[in-house]
Amino acid sequence: MVDEYRELDEERVLVLLHHGGRGKTSGVRLDALSTYGADLVHLTDGKVKRIVKYYDRDRAYADLGITSEADS
């Protein structure tokens, strides 16, 4: 599920995501299995040219040299 879109510049958008689970039979949410990641989407002429997937938001922030202070 998308938490937030952050436009980094004209050619890059950081999409903050979280993934979770739900029991197939019980329907119980598995919040302990939730993970928070990000996709870095590269655009050229309004078209997606590349997507870099991060399964850890902190790694995305570190690679991009940005802080998570606006992360909520």
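The following paragraphs examine the structure supplied in this document.

## Some points on the overall build of the protein chain
Here is step 1 of the chain: Summing up its helical and strand segments, the protein chain has one helix and four strands in all.
Here is step 2 of the chain: Secondary structure elements of the protein chain, listed N to C terminal, follow the sequence β-β-β-β-α.
Here is step 3 of the chain: For the protein chain, the C-alpha radius of gyration of 14 Å lies well beyond 11 Å, the compact-globule estimate for 72 residues.
Here is step 4 of the chain: Principal axes of the C-alpha set define a box for the protein chain whose edges measure 45 × 25 × 15 Å.
Here is step 5 of the chain: A buried classification covers 25% of the 72 residues belonging to the protein chain.
Here is step 6 of the chain: Put simply, of all contacts in the protein chain between residues at least 6 apart along the chain, 32% involve residues at least 24 apart.
Here is step 7 of the chain: As displayed, the protein chain offers around 5400 Å² of accessible surface, 49% of which is attributable to carbon and sulfur atoms.
Here is step 8 of the chain: Averaging the positions of the 11 positive and the 14 negative side-chain charges in the protein chain gives two centres separated by 9 Å.

## Let's talk about helix 1 (residues 57–64)
Here is step 1 of the chain: Along helix 1, the positions that sit buried rather than exposed are R57, A60 and Y61. Seen end-on, helix 1 carries its buried residues on one side only, within an arc spanning 95°. Those residues of helix 1 that are exposed and angled more than 90 degrees off the buried face are D58, R59 and A62.
Here is step 2 of the chain: In the core, the buried residues of helix 1 are packed alongside strand 1 (2–9), strand 2 (12–19), strand 3 (35–44) and strand 4 (47–54).
Here is step 3 of the chain: One side-chain oxygen at the N-terminal end of helix 1 lies 3.1 Å from the backbone nitrogen of D58; it belongs to D56.
Here is step 4 of the chain: Positive backbone phi, at 70°, marks G65, one or two positions downstream of helix 1.

## Here we look at the environment of G20
Here is step 1 of the chain: Its location among the elements puts G20 in the loop between strand 2 and strand 3.
Here is step 2 of the chain: The class for G20 is exposed, based on a relative accessible area of 56%.
Here is step 3 of the chain: Put simply, G20 and M1 are 19 residues apart on the chain and 8.6 Å apart in space, counted from C-alpha to C-alpha.

## Quick look at unusual backbone geometry
Here is step 1 of the chain: Even without a glycine there, the phi angle at D45 is positive, about 55°.
Here is step 2 of the chain: Here D45 lies in the loop between strand 3 and strand 4.

## What about the nonpolar core?
The nonpolar side chains of soluble globular proteins are, as a tendency, buried together.
Here is step 1 of the chain: Ranked by size, the top nonpolar core spans eight residues in total: L14, L16, A38, L40, V52, Y54, A60 and Y61.
Here is step 2 of the chain: Contributions of two or more residues to this core are made by strand 2, strand 3, strand 4 and helix 1.

Rules behind the numbers
- Residues numbered from 1 in each chain as written.
- Predicted model: local features only at pLDDT ≥ 70, side-chain atom pairs only at ≥ 80, totals over all residues.
- Heavy atoms only, no water.
- Helix = DSSP H or I, 4+ residues; strand = E, 2+ residues; numbered from the N terminus.
- Rg over C-alpha atoms; globule rule 2.2 N^0.38 Å.
- Buried < 20%, exposed > 50% of the residue type's maximum accessible area, 1.4 Å probe, protein only.
- Contact = heavy atoms within 4.5 Å.
- Areas by Shrake-Rupley, 256 points an atom, 1.4 Å probe, with all protein chains shown as cover.
- Lys, Arg positive; Asp, Glu negative; His and termini not counted.
- Charge placed at Lys NZ, Arg CZ, Asp CG, Glu CD.
- Arc of directions from axis to C-beta.
- Polar contact = N/O pair within 3.5 Å; in protein donor to acceptor, adjacent residues only side chain to side chain.
- Core = buried A, V, L, I, M, F, W, Y, C linked by side-chain atoms within 4.5 Å.

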